[in-house]
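Tertiary structure, described
Below are the chains, spelled out letter by letter.
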Amino acid sequence: MMKQFKILLSLLAICFAACGSDDPSPSPTPPDPPSPTGQSERSVLIYMAANSDLARKGLFDADFEEMKKGSKTINANQNLIVYVNKSGTATEKPYLARLKDGQVVDSTTVEGSVSSDPAALEKALSHMCEKYPAKSYGLVLWGHANGWLIRSDSIVYAKTRAYGYDESTSPDTWMNFPSMARAIKNGMNGSKLSYIFGDCCEIGCVEVAYELRNVADYLIASPAEIPGEGAYYEDLTDLFDTSSNFYQKIIDKYWDFYFNAFVGSSRYYIYNPGDLAGYSVPLVAIKTSELENLATATASLLSTISDKLQPTGTLDLSQVIYFSINNGMKLNYDMYKTLKMNTAAADFNAWVPAFEKAVPYYRMSARWYSVYTSFHKPMTEVFDGISSDHRVLSMFFPGKQYNNVYPSWNKTIQQLQWNGPISWQQYGW
C-alpha cells in the first residue's frame, strides 16, 4: 500500500533517482562509541548522496524518516549505518550515523566531505567496518545515477555521468564506477560486500556490474529510471537477510511496492492517469562471480556476428527494449534479447547457460515511470508487444550515432574493464 505521506508529494511527479528522507544534520553529536564486542551478523551502509534536488524537493526527508522507522525492524545483531550529505552548508555538514530503534545515534560529522568524491565513500565504508564489524556487509547507493557513462577517471566531468551527483561543487561532480570500485576495495580493507543495491537510476547494466565484480558478490539494480521515492525503507529486513535468495526478496519487495503504487495512485502515469497500472520497475540481480565466464562467452558469441558489429554493420535492434535515453539517443539495450535476435540459434543457446548463472533473478516491466517524454510512445505502442525474451540486464552496443557525442561513447566504453574481453576496437570502434 502506498505510504500516505508520499501521496501528498504530488508536486514531485517528474522527479527521479533515489529516494529521500529526513533528519537535520546532528547537532551536537557525541563521539562514536568503541567498537562493539565481537562481530555482528551484518552491517549495512546506506550512502545518501543527497546534495541535489533530492533534498530540495523533500525526497531525502521522506526516505530518511522511513529509514528511522525501518531501523525498528532490525535486531540488535544488525547495524544500519548512513552517510548523509544533504547540503554541505555550514549548518548542515555531512555526517555518519547509526540508526537504531527509530533514532539517530553515534553520529559524527565528516568535515570537508563531498558525496561524489570516492574518498568520502571509502571513509564511510572504513567507518562501518571499524566501528561495526560484522560477518557480512551491504551497501545501498542512494542518489542520482546514469549508468556506465564516464568521461574520464575523475570526479569532475559533465553531467549525466555515473553516480552520486553533488551540486555543491563547481563544476558539479559525479563519481564514476572505476573510482567507486577502488574506493570500495580500500574502504572494506580486504572484505567483500555481500551486495550493492542501487537505489538509483540505470546501473543495472553489465558494464557497471563487471566493474564492481571484485568488490561485491551481487549487484541488485535497475537498468531504467526509478521513481523519486525509491525503495521502501520502513521494512529493512531484506537488506539484512542472509539466506541464499536474499536478492530475490529485495527485488520482489521493490517491484511489488511500485506495482501497487502504480495501481493505487493517479500521480504515476505516462500519458493518462492509470496507464501504468499493471507495471512496475525493471530490476535485476547479478552474481558477480559469474561475470568473467559471461564475458568470455559473450566475446565468443559476438565473434560469430563480427560483420553486424562493424560501423557498416546491420545489428538489428528494432525489436529490443532500450532502458535509457541520453542526449536524445536510445541507449543500453536488453542484452539477452539483442543477442538472441542477432545470432544463430545454436550459438545463442550455447551462450545462455553463462547468462543464466550470472543473472539468477530478474523482474521485467515493459513500462516504467519516466521523465523522458520520448519514452512514452515506445512504451505504449511498441514495448508491450516485444517484451518477451527480455532479461533486464542491459548492455551497450556501439553505433555510428554515438560518434557525435562528446566524448564519443564508442570510445569511452573502452575505458571500462568489460571492454577487456569484448574488445570493441576489434570491430572498428
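The rules we used
Residues numbered from 1 in each chain as written. Predicted model: local features only at pLDDT ≥ 70, side-chain atom pairs only at ≥ 80, totals over all residues. Heavy atoms only, no water. Pairing = 2+ DSSP bridges. Helix = DSSP H or I, 4+ residues; strand = E, 2+ residues; numbered from the N terminus. Axes fitted to C-alpha atoms, helices over the stretch in contact; angles between N-to-C directions. Parallel < 35°, antiparallel > 145°, perpendicular 65-115°, else oblique. Left-handed = near helix turned anticlockwise from the far one by under 90°. Contact = heavy atoms within 4.5 Å. Nonpolar A, V, L, I, M, F, W, Y, C, P; charged D, E, K, R; others polar. Phe/Tyr/Trp six-rings, centres within 6.5 Å; stacked < 30°, edge-to-face > 60°. Buried < 20%, exposed > 50% of the residue type's maximum accessible area, 1.4 Å probe, protein only. Lys NZ or Arg CZ within 6 Å of the ring centre and 35° of its normal. Disulfide = S-S within 2.5 Å. Polar contact = N/O pair within 3.5 Å; in protein donor to acceptor, adjacent residues only side chain to side chain. Core = buried A, V, L, I, M, F, W, Y, C linked by side-chain atoms within 4.5 Å. Expected span 1.5 Å × (residues − 1). Bend = angle between axes of the 7 residues up to and from the residue. Salt bridge = Lys/Arg side-chain N within 4 Å of Asp/Glu carboxyl O.

Right, let's talk about the sheet that holds strand β11 (residues 322–326) for a bit. Strand order in this open sheet of 3 strands is β11-β12-β14, and the pairing throughout is antiparallel. Bordering the open sheet on either side are β11 and β14 (394–395), each of which pairs with just one other strand. As paired strands, β11 and strand β12 (residues 329–334) are joined by 4 bridges and run antiparallel to one another. When the sheet's bridge partners are listed, Y322 is paired in β12 with Y333.

Packing of helix α8 (residues 291–303) against helix α11 (residues 345–358) leaves a shortest axis separation of 8 Å and a crossing angle of 160 degrees. Considering their axes alone, α8 and α11 lie roughly antiparallel with respect to each other. Remark: the crossing between α8 and α11 carries left-handed chirality. Facing α8, whose interface residues are L291, N293, L294, A297, T298 and L301, α11 presents D347, F348, W351, A354, F355 and A358. Taken together, the residues of the contact of α8 with α11 break down into 9 nonpolar, 2 polar and 1 charged.

Applying the stated criterion to the full structure yields 33 aromatic pairs. Note on F60 and F64: the rings are 5.5 Å apart at their centroids and 25 degrees apart in plane angle, and the pair reads as stacked. Of this pair, F60 and F64 both sit in helix α3 (residues 59–70), 4 residues apart, which is roughly one turn of that helix. Across this residue pair, the class does not change: F60 and F64 are buried. With centroids separated by 5.5 Å and ring planes inclined at 40 degrees, the aromatic side chains of Y402 and W409 adopt a geometry described as tilted. In textbook terms, an aromatic cluster arises when at least three aromatic residues are bridged by ring pairs, as seen for F197, Y232, Y254, F257, Y258, F262, Y268 and Y369. When the ring centre of F246 is taken as origin, the NZ or CZ atom of R42, which lies over that ring, is 5.7 Å away. The ring of Y336 carries R391 above its face, with NZ or CZ at 4.3 Å from the centroid.

Right, let's talk about the state of the cysteines for a bit. Summed over the entire model, instances satisfying the criterion amount to 0 disulfides. Just so you know, C200 is unpaired, no disulfide at all, and the nearest cysteine sulfur is the one on C201, 7.2 Å from it. By relative accessible area, C200 is classed as buried at 0%.

A few words now on the side chain of N419. Positionally, N419 belongs in helix α14 (residues 419–422). Within polar-contact distance, the side chain of N419 engages the backbone nitrogen of W424 at 2.9 Å. When residues no more than four places from it in sequence are discounted, the contact partners of N419 are I413, Q414, W424 and Q425.

On to the nonpolar core. Counting residues in each nonpolar core, the largest one holds 141 residues, and the members touching the most others are L45, L139, I184, L302, M335, W351 and W424. Among the elements that take part in this core, helix α7 (residues 246–264) stands out by supplying 10 residues, more than any other. With residues up to four places along the chain from it excluded, the contact list for W424 reads L302, L309, M395, F396, F397, P398, I413, Q414, N419 and W429.

Across its 14 residues, α11 extends 20 Å between first and last C-alpha, which sits within 8% of the 20 Å expected from 1.5 Å per residue. Maximal helix bending in α11 amounts to about 30 degrees, located at V352; proline P353 follows within four positions. Every buried residue of α11 is accounted for by F348, W351, V352, A354, F355 and A358. Buried residues belonging to α11 abut β10 (283–287), α8 and α10 (335–342).

The subject of this paragraph is the pairing of strand β3 (residues 95–100). Counting buried positions along β3 yields 5 of 6 residues, so the element is predominantly enclosed. Of the strand pairs in this sheet, strand β2 (residues 78–85) and β3 are connected by 5 bridges, and their pairing is antiparallel. The residue of β3 that forms the bridge with V82 is A97. Alignment of β3 against strand β4 (residues 103–109), held across 5 bridges, turns out to be antiparallel. Its bridge partner lying in β4, L99 is registered against V104. What sits between β3 and β4 in their antiparallel hairpin is a turn of 2 residues, with D101 showing a positive phi close to 55 degrees.

Another aspect to go through is the pattern of salt bridges. Under the counting rule described, the total for this entry stands at 14 salt bridges. A salt bridge links E292 to R213; its shortest N-O distance comes to 3.1 Å. Pair noted here: E292 is in helix α8 and R213 is in the loop between α6 (206–211) and β9 (218–221), with a separation of 79 residues, a long-range link. Residue classification places R213 among the buried residues on the basis of a relative accessible area of 10%. The partner of K249 in a salt bridge is D241, and the shortest N-O contact between them spans 2.8 Å.

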